[in-house]
Amino acid sequence: MPLFLDVHTIEGGVTEADVAIAHAQDLATQSKYGVSYLRYWVDGAAGKLFCLVEAETAEAAETVHREAHGLVADEIHTVSEHH
């Protein structure tokens, strides 16, 4: 299944606690759309949030964010994993 990295910019910054709550909401919603939110990274001071998600389409991943908490990404990039 394709991997996507989405990028959010939250004006005024973001706390890790708030991101953890939003991620839990994604996890509660994702199976409805065949999506799997795998990891996320936070730069709280800069208001940057990055989510790694496995989904058939970027639109499916975005639908989960929209339904779960309304915080849609500013950008979504197709990525591949390399070790």
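Description of the structure in this document. (Residues numbered from 1 in each chain as written. Predicted model: local features only at pLDDT ≥ 70, side-chain atom pairs only at ≥ 80, totals over all residues. Heavy atoms only, no water.)

## Observations concerning the overall build of the protein chain
Put simply, the rule reads: A helix here means a DSSP run of H or I that spans at least four residues, while a strand means a run of E at least two residues long, and both kinds are numbered starting from the N terminus. Only C-alpha atoms enter the radius of gyration, while the globule expectation follows 2.2 Å times N to the 0.38, with N the number of residues. Note on classification: 1.4 Å probe, protein chains only; a residue is buried when its accessible area is under 20% of the maximum for its type, exposed when over 50%, partly exposed between these limits. Whether two residues touch is decided by their heavy atoms; if any such pair falls within 4.5 Å, the residues are in contact. Computed with the Shrake-Rupley method and a 1.4 Å probe, the accessible areas treat only the protein chains shown as cover for residues. For this count, His and the chain ends are skipped, Lys and Arg are scored as positive, and Asp and Glu as negative. Each charge is placed at NZ for Lys, CZ for Arg, CG for Asp and CD for Glu.
Counting its regular elements, the protein chain contains two helices and four strands. Sequence-ordered secondary structure for the protein chain, helices as α and strands as β, is β-α-β-β-α-β. On C-alpha atoms alone, the protein chain measures out to a radius of gyration of 12 Å, which is about the 12 Å that the 2.2 N^0.38 rule sets for 83 residues. Over its C-alpha atoms, taken along the principal directions, the protein chain stretches across nearly 35 × 30 × 20 Å. Burial statistics for the protein chain: of 83 residues in total, 34% are counted as buried. Considering only residue pairs separated by 6 or more positions, the protein chain has 69% of its internal contacts joining residues 24 or more positions apart. A total accessible area of about 4,900 Å² is found for the protein chain, and carbon and sulfur atoms account for 54% of it. Within the protein chain, the 14 negative side-chain charges are centred at a point lying 3 Å from the centre of the 4 positive side-chain charges.

## Re the pattern of salt bridges
How we decide: Criterion for a salt bridge: a side-chain nitrogen of Lys or Arg within 4 Å of a carboxyl oxygen of Asp or Glu.
If you walk through the whole model with that rule in mind, you get one salt bridge. Between Glu67 and Lys32 there is a salt bridge; the shortest N-O distance is 2.8 Å. In this pair, Glu67 is assigned in helix 2 (residues 58-68) and Lys32 in the loop between helix 1 (16-29) and strand 2 (36-43), connecting sequence segments 35 residues apart.

## Topic: empty space enclosed by the protein
How we decide: A 1.4 Å probe that fits but cannot get out identifies a cavity on a 1 Å grid over protein atoms alone, an open set with protein on both sides within 12 Å along at least five of seven lines counts as a pocket, and a residue lines either if it has an atom within 4 Å of a point. Grid points are joined across faces, edges and corners, and a volume is the space filled by probe spheres set on the points. Charged means Asp, Glu, Lys or Arg here, nonpolar means Ala, Val, Leu, Ile, Met, Phe, Trp, Tyr, Cys or Pro, and polar covers whatever is left, Gly included.
Enumeration according to the criterion identifies one cavity of 30 Å³ or more in this entry. For the largest cavity, the calculated volume is near 60 Å³. Forming the walls of the largest cavity are His8, Val19, Ala22, His23, Asp26, Tyr40, Leu49, Cys51, His65, His69 and Leu71. In terms of residues, the lining of the largest cavity owes the most to one element, helix 1, which gives four residues. Looking at the lining of the largest cavity residue by residue, the classes come out as six nonpolar, four polar and one charged.

## Here's the deal with the pairing of strand 1 (residues 3-9)
In plain terms, the rule: Pairing between two strands requires that DSSP report at least two bridges joining them.
Counting buried positions over the seven residues of strand 1 gives five, a clear majority of the element. Examined bridge by bridge, strand 1 and strand 3 (residues 48-54) share seven bridges and lie antiparallel to one another. Residue pairing in the sheet places Leu3 in a bridge with Glu54 of strand 3. Bridge count between strand 1 and strand 4 (residues 75-79): five bridges; the pairing is antiparallel. The residue bridging Leu5 from the neighbouring strand is His77, located in strand 4.

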